[in-house]
Amino acid sequence: MTPDKLILLLAIFPLVMLLWMGWQSQRQARFGQLNTRDHVFRCARCESVYTDDEDVDRSGCPKCGMSNEEYEF
Ligand SMILES: [Zn+2]
């Protein structure tokens, strides 16, 4: 291996690492989005389907105000 090839390799290596880390964090962000899915509710009174945060078990219907439990598929 010639010295300038070694220099080229040393210059490319951090660049590849940076790209790899960027790809990893992007993948993690996409995976995180899939994991934090909202709860789905279906109103017992007016049958409208709506979503709310995943940390709530009961949520009021935006149409008629009735409190509904989480809808299981
Ligand atoms: Zn309703």
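A brief structural summary. (Residues numbered from 1 in each chain as written. Predicted model: local features only at pLDDT ≥ 70, side-chain atom pairs only at ≥ 80, totals over all residues. Heavy atoms only, no water.)

Okay, the coordination of the zinc ion next. Protein coordination at the zinc ion comes from Cys43 (SG), Cys46 (SG), Cys61 (SG) and Cys64 (SG), with a distance range of 2.2 to 2.3 Å. Taken together, the 4 donor atoms coordinating the zinc ion span angles of 103 to 119 degrees at the metal, a pattern that classifies the geometry as tetrahedral. Expressed as a motif, the donor residue spacing for the zinc ion is C-x2-C-x14-C-x2-C. Taken together, the positions of Cys46 in the loop between strand E1 (39–42) and strand E2 (49–52) and Cys61 in the loop between strand E3 (58–60) and strand E4 (67–69) put the pair 15 residues apart, joining distant regions of the chain. For Cys46, a relative accessible area of 34% translates into the label partly exposed. Judged by its relative accessible area of 5%, Cys61 is buried. (Donors = N, O, S within 2.8 Å, 3.2 Å for Na, K, Ca; no water. Tetrahedral: all angles 85-135°; square planar, octahedral: opposite > 155°, others 65-115°. Helix = DSSP H or I, 4+ residues; strand = E, 2+ residues; numbered from the N terminus. Buried < 20%, exposed > 50% of the residue type's maximum accessible area, 1.4 Å probe, protein only.)

Where E1 lies against E2, 4 bridges are found, and the strand directions are antiparallel. Its bridge partner being in E2, His39 is matched across the sheet by Asp52. Between the end of E1 and the start of E2, which pair antiparallel, lie 6 residues, with Glu47 showing a positive phi angle near 65 degrees. (Pairing = 2+ DSSP bridges.)

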